[in-house]
Amino acid sequence: MRRLALCLSLTLMTATAPDAAAQTAPTAPNTAAPQTAAPFLPGDARPDAPELAARGSFAVGVRTVTLVNPGQPDLARAPQGGPVPRADRRLTVEIWYPTASGAKETVTYTDTLTSGKAFTFDGRAARDARPLSGQAFPLVIVSHGYTGSRYLLTYLTEHLASRGYVVAAIDHTDSTHDNRGPFNSTLVNRAPDINFTLDQIAKLGAPGSGSPLSGVVNASRTAVLGYSMGGYGALNAAGAGYAPKVAALLPGGTLTARQTGAFTPDARIRAAVAFAPWGGPSAARGLGVPTGEYGFWDARGLEGLKVPTLFVVGDHDDVSGFEEGVKPLFEHAVNADRYLLVYQNARHNIAPNPAPSLPGLSFADHEHYADPVWDSARLNNLNQHFVTAFLNLTLKGDAGAAAYLNVPTPIAANATGAAAWKGFAPRTMLGLELYHLRPR
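Labelled according to an unreviewed UniProt entry, the protein chain appears under the name Dienelactone hydrolase, originating from Deinococcus soli.

Encoded structure:
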């Protein structure tokens with residue numbers, strides 16, 4: 001037994017001992033200069049980003065315009081139980097667009113946290129650069145959440161401009177981080193703000209307008225894109241009328257013009273993207289008021305949504321809801337060719353930029369941007385990929401973009417081979433679901 005143990009010991013020593021050359025050969029010194037990490041800005045593609053998250057071929061310009069919509073309901077100053085006054089409604093709108101290549105794409109945005117503190121962050125766009133001439137690009141109108149700002153989704157607005165879109169993001173009065181008004185104002189003004197902005201950008205973009213955007217905007221091919229309360233407004237602007245019993249609750253009949261059967265959607269709106277849209281059954285129920293069959297909507301109202309629509313939601317959304325929130329809206333918009341992108345285990349904040357890297361950032365300010373499970377930069381890349389595919393298909397008529405949306409299996413897991421989703425590297429699809437329902 002002693003001899004066997006000795007043999008085993010010698011064998012193990014022989015098997016694990018390094019060879020003589022390895023013991024004596026010196027390690028070659030690494031003479032290369034260490035790399036300096038480049039700043040990672042909102043919208044930059046991670047190494048695991050899907051294909052269409054890569055920045056497009058256009059350099060990006062950005063400029064700010066102020067629009068004034070005269071004589072609008074002024075719910076922020078409406079007396080309790082009294083008539084609703086009218087006032088000019090001022091909107092600040094940020095516009096991103098393709099610009100001449102070679103422009104230095106460096107910009108600093110100034111925003112405000114929910115706590116009221118101002119902060120700055122960098123982006124990849126050239127401030128007031130001359131728009132690229134000779135081509136009119138489809139228009140995307142962006143509506144932020146409550147509260148939010150026109151800078152809440154710069155990762156996506158810059159990205160879409162680099163892919164050949166003009167993107168106009170609205171600061172909704174009474175609904176921004178630094179201008180929080182009564183919730184009634186947000187309920188009433190979202191869709192009218194979107195429609196008014198579309199009208200005004202179309203005028204600025206028309207040939208001969210005298211605006212720097214003249215000849216650059218093809219407003220006849222417009223998409224409306226909204227997050228949370230922005231999604232609520234975008235769906236209505238695209239044709240989904242609010243239930244009459246809900247509209248009747250707002251003072252002075254200020255919402256009745258947007259109820260089922262009361263309006264015709266703008267024919268220039270060809271598509272809608274709704275990130276975690278508020279107003280479904282569970283969200284509306286939280287207000288403690290009578291609702292339609294599907295929250296702020298009824299069946300007939302959802303039937304009014306007839307343009308292709310992409311819904312994006314986390315299946316643990318605790319603000320807009322999923323099973324009794326966004327999912328029924330997707331299912332019952334029966335006249336729309338629609339998609340539902342689901343982030344498994346995600347809550348509500350699936351759309352914003354990452355939280356700003358500020359010392360001493362409070363939990364409340366951080367939580368306004370972040371999801372407790374998903375990395376924000378990862379969500380940003382996924383949103384870039386799927387929104388680009390959807391808009392390329394619906395606004396540009398790119399038939400090849402459908403392959404990114406009509407996936408072979410609706411629950412991705414780690415699908416490989418024929419079941420893999422187009423544009424994804426192996427092992428990078430976990431946590432995604434994508435469903436498609438055609439109009440009836």
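The rest of the description comes next.
Undergrad: Tell me about the overall build of the protein chain, and name the residues and values.
TA: A count of helical and extended segments in the protein chain gives 11 helices and 14 strands. C-alpha extents for the protein chain along the principal axes are approximately 100 × 50 × 45 Å. Across the 440 residues in the protein chain, those meeting the buried criterion constitute 53%. Restricting the contact set of the protein chain to residue pairs at least 6 apart, pairs at least 24 apart contribute 75%. Approximately 19,000 Å² of the protein chain is accessible, and the part contributed by carbon and sulfur atoms is 54%. Taking the average place of the 36 positive charges on the side chains of the protein chain and the average place of its 34 negative ones, the gap between the two points comes to 4 Å.

Undergrad: Give me the lowdown on unusual backbone geometry, citing residues and values where you can.
TA: Put simply, Tyr146 and Thr147 share a cis peptide bond, and its omega is -10 degrees. Looking at the secondary structure, you find Thr147 in the loop between strand E6 (137-143) and helix H3 (154-162). A positive phi angle is found at Asn345, which is not glycine, with a value near 70 degrees. Of note, Asn345 is situated in the loop between strand E13 (338-343) and helix H10 (363-367). Within the chain, Arg427 stands out as a residue other than glycine whose phi angle is a positive 70 degrees. Following the sequence through the fold, Arg427 ends up in the loop between helix H11 (376-394) and strand E14 (432-437). Using a relative accessible area of 72% as the deciding quantity, one classes Arg427 as exposed.

Undergrad: Mind laying out the UniProt feature "domain: PET hydrolase/cutinase-like" (unreviewed entry) in the protein chain, listing which residues take part and the relevant values?
TA: Per the UniProt entry, the sites bearing "domain: PET hydrolase/cutinase-like" (unreviewed entry) are residues 134-240 in this numbering. Note that residues 134-240 is 38% helix and 26% strand, and that its end C-alpha atoms are spaced 35 Å apart.

Undergrad: Quick one: what's the story with helix H4 (residues 183-205), residue by residue and with numbers?
TA: Compared with an ideal rise of 1.5 Å per residue, which puts 23 residues at 33 Å, H4 spans 32 Å between its outermost C-alpha atoms and is within 8% of the ideal. Of all the bends in H4, the largest measures some 45 degrees and sits at Asn189, one to four residues before the proline Pro192. Summarising burial for H4: 17 of the 23 residues are buried, a large majority.

Undergrad: So what's going on with the pairing of strand E11 (residues 269-275)? Which residues, and what values?
TA: Along E11, 6 of the 7 residues are buried, which leaves the element largely enclosed by surrounding structure. Strand direction decides the pairing type here: strand E10 (residues 217-227) and E11, joined by 6 bridges, are parallel. Residue pairing for E11: Thr222 is matched across the bridge by Ile269. Pairing geometry for E11 and strand E12 (residues 309-314), over 4 bridges, is parallel. Across the sheet, Phe275 pairs through a bridge with Val312, a residue of E12.

Undergrad: Explain the sheet that holds strand E2 (residues 86-99) residue by residue, including any values.
TA: Reading across the sheet, the 10 strands line up as E5-E1-E2-E7-E6-E10-E11-E12-E13-E14 and stay open at both edges, with mixed pairing between neighbours. This sheet does not close on itself; its edge strands, each paired only once, are strand E5 (126-127) and E14. Of the pairings in the sheet, the one linking E6 to strand E7 (residues 166-171) comprises 5 bridges and is parallel in character. Paired with Val140 across the two strands is Val167, which belongs to E7.

Undergrad: Please give an account of the packing of aromatic side chains that cites residues and values.
TA: The final tally for this structure, using the stated rule, is 20 aromatic pairs. Ring geometry for Tyr109 and Tyr151: centres 4.8 Å apart, planes at 40 degrees, overall tilted. Of this pair, Tyr109 sits in strand E3 (residues 107-112) while Tyr151 sits in the loop between E6 and H3, and the two are 42 residues apart along the sequence. When its relative accessible area of 5% is taken as the criterion, Tyr151 is described as buried. Measuring from ring centre to ring centre gives 5.3 Å for Tyr343 and Trp374, while their planes differ by 55 degrees; the resulting arrangement is tilted. Taken together, the positions of Tyr343 in strand E13 and Trp374 in the loop between H10 and H11 put the pair 31 residues apart, joining distant regions of the chain. According to the relative accessible area criterion, Trp374 is buried, its value standing at 12%. Three or more aromatic residues link up through ring pairs in this structure, and these residues are Tyr146, Phe183, Tyr232, Tyr242, Trp278, Phe296 and Trp297. Lying across the ring of Phe263, Arg258 places its NZ or CZ 4.1 Å from the centre.

Undergrad: Which residues make up the side chain of Asp44, and what values do they have?
TA: Following the sequence through the fold, Asp44 ends up in the loop between helix H2 (20-24) and strand E1 (59-73). The buried category is assigned to Asp44, whose relative accessible area is 16%. Within the structure, the side chain of Asp44 is placed 2.9 Å from the backbone nitrogen of Leu41, a separation counted as a polar contact. If sequence neighbours within four positions are ignored, Asp44 has contacts with Pro39, Arg124 and Asn381.

Undergrad: How would you sum up the nonpolar core? Please name residues and give values.
TA: Ranked by size, the top nonpolar core spans 64 residues in total, and within it Ile95, Leu139, Tyr232, Phe296, Trp297, Leu305 and Phe311 carry the most contacts. Here this core takes 8 residues from H4, the largest share from any one element. Beyond its immediate chain neighbours, meaning those up to four positions away, Trp297 contacts Tyr232, Leu235, Ala240, Gly241, Tyr242, Ala243, Trp278, Gly279, Gly280, Gly292, Leu302 and Leu329.

Undergrad: Break down the environment of Ser214 for me, citing the residues and quoting the values.
TA: Inspection of the secondary structure assignment puts Ser214 in the loop between H4 and E10. Sequence-wise, Ser214 and Leu204 are 10 residues apart; in three dimensions their C-alpha atoms are separated by 5.9 Å. Contacts of Ser214, omitting those with residues within four sequence positions, involve Leu204, Gly205, Ala206, Pro207, Gly208 and Ser209.

Undergrad: Explain the pattern of salt bridges to me, using residue names and the numbers behind them.
TA: Taken as a whole and judged by the stated rule, the model has 16 salt bridges. Arg124 is the salt-bridge partner of Asp44, the closest N and O atoms lying 2.7 Å from each other. Of this pair, Asp44 sits in the loop between H2 and E1 while Arg124 is found in the loop between strand E4 (118-123) and E5, placing the two residues 80 residues apart along the sequence. By relative accessible area, Arg124 is classed as partly exposed at 26%. With a shortest N-O distance of 2.6 Å, Arg150 and Asp171 are connected by a salt bridge. Taken together, the positions of Arg150 in the loop between E6 and H3 and Asp171 in strand E7 put the pair 21 residues apart, joining distant regions of the chain. By relative accessible area, which is 15% here, Arg150 ends up buried. Asp171 gets classed as buried once you look at its relative accessible area, which sits at 15%. Three or more residues joined by partner-sharing salt bridges are found here, namely Glu94, Arg127, Arg150 and Asp171.

About the cut-offs
- Residues numbered from 1 in each chain as written.
- Predicted model: local features only at pLDDT ≥ 70, side-chain atom pairs only at ≥ 80, totals over all residues.
- Heavy atoms only, no water.
- Helix = DSSP H or I, 4+ residues; strand = E, 2+ residues; numbered from the N terminus.
- Buried < 20%, exposed > 50% of the residue type's maximum accessible area, 1.4 Å probe, protein only.
- Contact = heavy atoms within 4.5 Å.
- Areas by Shrake-Rupley, 256 points an atom, 1.4 Å probe, with all protein chains shown as cover.
- Lys, Arg positive; Asp, Glu negative; His and termini not counted.
- Charge placed at Lys NZ, Arg CZ, Asp CG, Glu CD.
- UniProt positions renumbered as here; feature names shortened; annotations may be inferred.
- Expected span 1.5 Å × (residues − 1).
- Bend = angle between axes of the 7 residues up to and from the residue.
- Pairing = 2+ DSSP bridges.
- Phe/Tyr/Trp six-rings, centres within 6.5 Å; stacked < 30°, edge-to-face > 60°.
- Lys NZ or Arg CZ within 6 Å of the ring centre and 35° of its normal.
- Polar contact = N/O pair within 3.5 Å; in protein donor to acceptor, adjacent residues only side chain to side chain.
- Core = buried A, V, L, I, M, F, W, Y, C linked by side-chain atoms within 4.5 Å.
- Salt bridge = Lys/Arg side-chain N within 4 Å of Asp/Glu carboxyl O.

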